[in-house]
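Reading the structure
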Amino acid sequence: MQAKGFHTNLSTRISLHARHEYSACDLFILYELPPDVIIDSFELNNHGLQFEFVGNANLELPMAGVGNEAGWVLVAAKPEGEVVLVDVPLHMRYGVPGEGHNPRHIIQLHPPTCFWGCPSSYKSLDSTFSSRSPEFAMLNASTHFKIIEHTTSSPLSLNIPVGNMNHILYIELGTVVVTLFAFVYITLRCWAVSKTLCSAHLKMQ
Amino acid sequence: MQPKPSGWQYRIPSFRTLLVISAILRVVLILYSEWHDAHSIVKYTDIDYRVFSDAARFILYPNLQGNIAKGPLAPPSFAVGDPYTRETYRYTPLLAVLLLPNEWLHPSFGKYLFAACDLINGALIYKILIPHILPDTKPPPDAHATLLAATHLLNPLVFTISTRGSSEAILCTLVLLTLFYALEGRQNATAVMLGISAHWKIYPIIYGVSCVSAIALQQVNRKGWGVEYLRYLLGRRALRFALLSAGTFIILGAACYAMWGYSFLYEAYLYHTDRRDHRHNFSPYFYLIYLTYPISGGTSADLSIWRQLLRSPFTSLIPQLALSLGTGLALGQRTIDLPFAWFVQTYTFVLFNRVCTSQYFIWYTLFIPLLAPRLNLSWKKWMMCGAIWIGTQALWLAEAYKLEFLGDDVFFGLWVRGLVYIAGHAWVLGVIMSGYTPGLRL
């Protein structure tokens, strides 16, 4: 499913079969986010999510101002019930402007990795869950991991408009011309009013 | 038995009643905001309030996330936190200091403080109107003043801004106090308040120009601006005003720098000189900034000189400074004209700024209750001004919604509406300026 617009919620649905086998484990969801995507840590706090973020935390730059470094968000979820739903609000940076008619940019999201983080007593499980992710302090207590297969996530791609470089000359000229006209108009008005004020004040004197 | 007086002015409640109603309204909204935020993911409280509150927390709890005041005179014996540890906190540290009770008293303390400033602003508007603006107009001035103060106190833009936790009300209080002292003829107090206002937010510096102009013209006996005017503009009284104001600004800045160091200087002031707000806002410059945002390592040096000029920030800075300062000189002819001069100066500053959001409008709508008695405009002109002022914003907002939430490709349309905003608001200012009639008092 593809979302449009600069704000969306990434909803992940996790089916927890045999969760009783992992009663001593913690449930995590790991999101790998492209540099186009921003998460607001304070907003996630407001959503009551326990999380850790690694990546570019500058919310104010467009894509042209950031590198290609991905961001990683690790969310700890509460395994209450057979199905767990987690929503993470996402925001998009303005993309690098394009050309042509209606330029747009499609942002692909990696499906999140949902896994159990378990203590050392779970010796039969793997000792890693991802070869690419950075280290997270939230995983310090977990030494063994089990990836959960039955998860769905939506949306998996985001479709945003980008600026059109074909407009640039119109934008430059139009902005300056209108600004100049407004400047001249207000200057002339100011001149007329100041002369009126001057005459009125002289009469009072 | 004497007949009861008739006329609309006798049906207006007293100013004290207006203050009580305004206070109750704000308390109810603040209590509602607490309930709303606890039960809804979409918060009533402005994101900025959380920024201020976090900054206050960082001051109180140094070493939290490694934060500590880094100024040259930060006390070695006890650690003070750095409010600039909080991302996007770009204000004076004194604001975070004022909100310290958010941590030890109640999280909504700041909102109550901003609401109290709203009430003080209403009282200041009332106190300015009666002795300085309304004596020249029809009696009774207290009912008229109450009605005008009500346009500020009961303005939805004003009370939602403060109850949502935006700090603009504090700045408005500082600016109104400056104006109050200026109209009272207390130049030293005016200078000090102007310095404090400029520390709080840099733009009130522009009011210094009209204050100095009014001081100079008070001493000029002959007509117009000639050599004599220039002499007094650089004379002892004007110089004393400028030095006192600048001195206040520098002392406050130095104290904050001594405690918090370069991060204060950068976040509170220097950041704003080079900010590139590429995301959409009312100013049409957003699209130019977005399209020309430098990709890492890229420059526009290979463009022709004309194209570089068109893209230069000076295309907006020169009109902005020329008008916001020039109108101060031209219109600040007498102290009694200062509300009008400051309105025009602020309006032009906001209009030509390379970024503009709704909160900026309160910087000049603040003066409208003080201007209204002096504006000789027909009801038709008033309605047209209101319709165009609001209509151009609504036009822009409708397109911005399509971009932001529906993901429609409307960048060009949004930019065009930004141009319409500039043209429309410039026209409104022109009409207001043409309708201004000077007061009878000097």
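Basis of the calculations
Here, residues in each chain are numbered from 1, in the same order as that chain's written sequence. Note on labels: chains are lettered from A, ligands numbered from 1, in written order. Where local features are concerned, this predicted model is filtered to residues with pLDDT of at least 70; where side-chain atom pairs are given and counted, the filter is 80 or more; whole-chain, interface and lining totals use all residues. Values reported for side chains reflect all heavy atoms of the structure, with hydrogen atoms and water molecules removed beforehand. A cavity here means a set of points on a 1 Å grid, drawn over the protein atoms and nothing else, where a 1.4 Å probe fits but cannot get out; a pocket is an open set with protein on both sides within 12 Å along at least five of seven lines, and a residue lines either one if it has an atom within 4 Å of a point. Grid points are joined across faces, edges and corners, and a volume is the space filled by probe spheres set on the points. Any residue that is not Ala, Val, Leu, Ile, Met, Phe, Trp, Tyr, Cys, Pro, Asp, Glu, Lys or Arg is counted as polar, Gly included; the first ten are nonpolar and the last four charged. Throughout, a disulfide means two cysteine sulfur atoms within 2.5 Å of one another. Working definition: helices are DSSP H or I runs of at least four residues, strands are E runs of at least two. Numbering for both runs from the N terminus. Only protein chains enter the accessibility calculation, which uses a 1.4 Å probe; a residue is then buried when its area is under 20% of its type maximum, exposed when over 50%, and partly exposed in between. Being paired, for any two strands, means DSSP has found at least two bridges between them. Every axis in this analysis is a line fitted to C-alpha atoms, fitted for helices over the stretch in contact. Angles between the N-to-C directions lie between 0 and 180 degrees. A clockwise turn of the near helix away from the far one marks a right-handed crossing, whereas an anticlockwise turn of less than a right angle marks a left-handed crossing. Note on definitions: a residue-residue contact is assigned when non-hydrogen atoms from the two residues lie within 4.5 Å. All domain edges in this entry derive from an automatic or database-based domain assignment. In summary, the pairing rule links any two rings of Phe, Tyr or Trp, Trp by its six-membered ring, whose centres are within 6.5 Å, and it sorts them by plane angle into stacked for under 30 degrees, edge-to-face for over 60 and tilted for everything else. Either the NZ atom of lysine or the CZ atom of arginine qualifies as a charge over a ring when it sits within 6 Å of the ring centre and within 35 degrees of the ring normal.

**Some points on empty space enclosed by the protein**
Residue and element names in this part refer to chain B. Applying the stated criterion to the full structure yields 2 cavities of 30 Å³ or more. The volume enclosed by the second largest cavity comes to roughly 50 Å³. Along the walls of the second largest cavity sit Y91, T92, L95, S167, E168, L171, W200 and K201, which together make up its complete lining. Looking at side-chain class alone, the lining of the second largest cavity contains 4 nonpolar, 2 polar and 2 charged residues.

**Here's the deal with the state of the cysteines**
In the structure shown here, the tally under the stated rule is 1 disulfide over all chains. Here C25 of chain A is linked by a disulfide to C118 of chain A, with a sulfur-sulfur distance of 2.1 Å. The sign of the 110° torsion about the S-S bond sets the C25 of chain A-C118 of chain A disulfide as right-handed. With a gap of 93 residues between them, C25 of chain A in the loop between strand 2 (7-15) and strand 3 (26-33) and C118 of chain A in strand 9 (residues 113-118) connect regions that are remote in the sequence. Judged by relative accessible area, C118 of chain A falls into the buried class, the value being 0%. For the unlinked cysteine C172 of chain B, the closest cysteine sulfur is that of C117 of chain B, found at 9.2 Å. In this structure C356 of chain B is not part of a disulfide, and its nearest cysteine sulfur, from C172 of chain B, lies 15 Å away.

**What about the sheet that holds strand 10 (residues 144-147) of chain A?**
All names here are of chain A. What the 5 strands build is an open sheet, ordered 5-6-3-9-10; its pairing is antiparallel. Each edge of the sheet is formed by a strand with only one pairing partner; in this case those strands are strand 5 (50-54) and strand 10. On average, each strand axis in the sheet is inclined to that of its neighbour by 25°, with strand direction left out of account. Two elements, strand 9 and strand 10, share 4 bridges in a ladder whose sense is antiparallel. Along strand 10, the bridge assignment pairs C118 with H144.

**Overview of the packing of helix 8 (residues 168-183) of chain B against helix 17 (residues 338-351) of chain B**
All names here are of chain B. Two elements in contact, helix 8 and helix 17, have axes separated by 10 Å at closest approach and are oriented at 145°. Along this stretch, helix 8 crosses helix 17, giving a crossing that reads as right-handed. Each of V175, T178, L179, A182 and L183 in helix 8 lies in contact with helix 17, whose residues at this interface are L338, P339 and W342. A breakdown of the residues in the contact of helix 8 with helix 17 according to their chemical character gives 7 nonpolar, 1 polar and no charged.

**A closer look at the domain arrangement of chain A**
Parsing chain A into structural domains produces domain 1 (2-161) and domain 2 (165-204). A straight line from the C-alpha centre of domain 1 of chain A to that of domain 2 of chain A covers 51 Å.

**Re the packing of aromatic side chains**
Aromatic ring pairs are defined here through the distance separating the ring centres and the angle between the ring planes. Residues and elements named next belong to chain B. Per the stated rule, a full pass over the model turns up 44 aromatic pairs over all chains. In textbook terms, an aromatic cluster arises when at least three aromatic residues are bridged by ring pairs, as seen for F282, F343, Y347, F361, Y364, W389, W396 and Y421. Between K111 and the ring centre of Y49, over which it is positioned, the NZ or CZ distance is 5.4 Å. Seen from the ring of Y232, R231 lies directly overhead, with NZ or CZ sitting 5.0 Å from the centre.

**Side note on the packing of helix 5 (residues 109-133) of chain B against helix 6 (residues 141-153) of chain B**
All names here are of chain B. Two numbers describe how helix 5 lies on helix 6: the axes approach to 9 Å, and their chain directions differ by 145°. Both helix 5 and helix 6 take part in a crossing whose hand is right-handed. Judged by residue contacts, D118, L119, N121, G122, I125, Y126, L129 and I130 of helix 5 engage P141, D142, A145, T146, L148, A149, H152 and L153 from helix 6. For the contact of helix 5 with helix 6, the residue count by class is 10 nonpolar, 4 polar and 2 charged.

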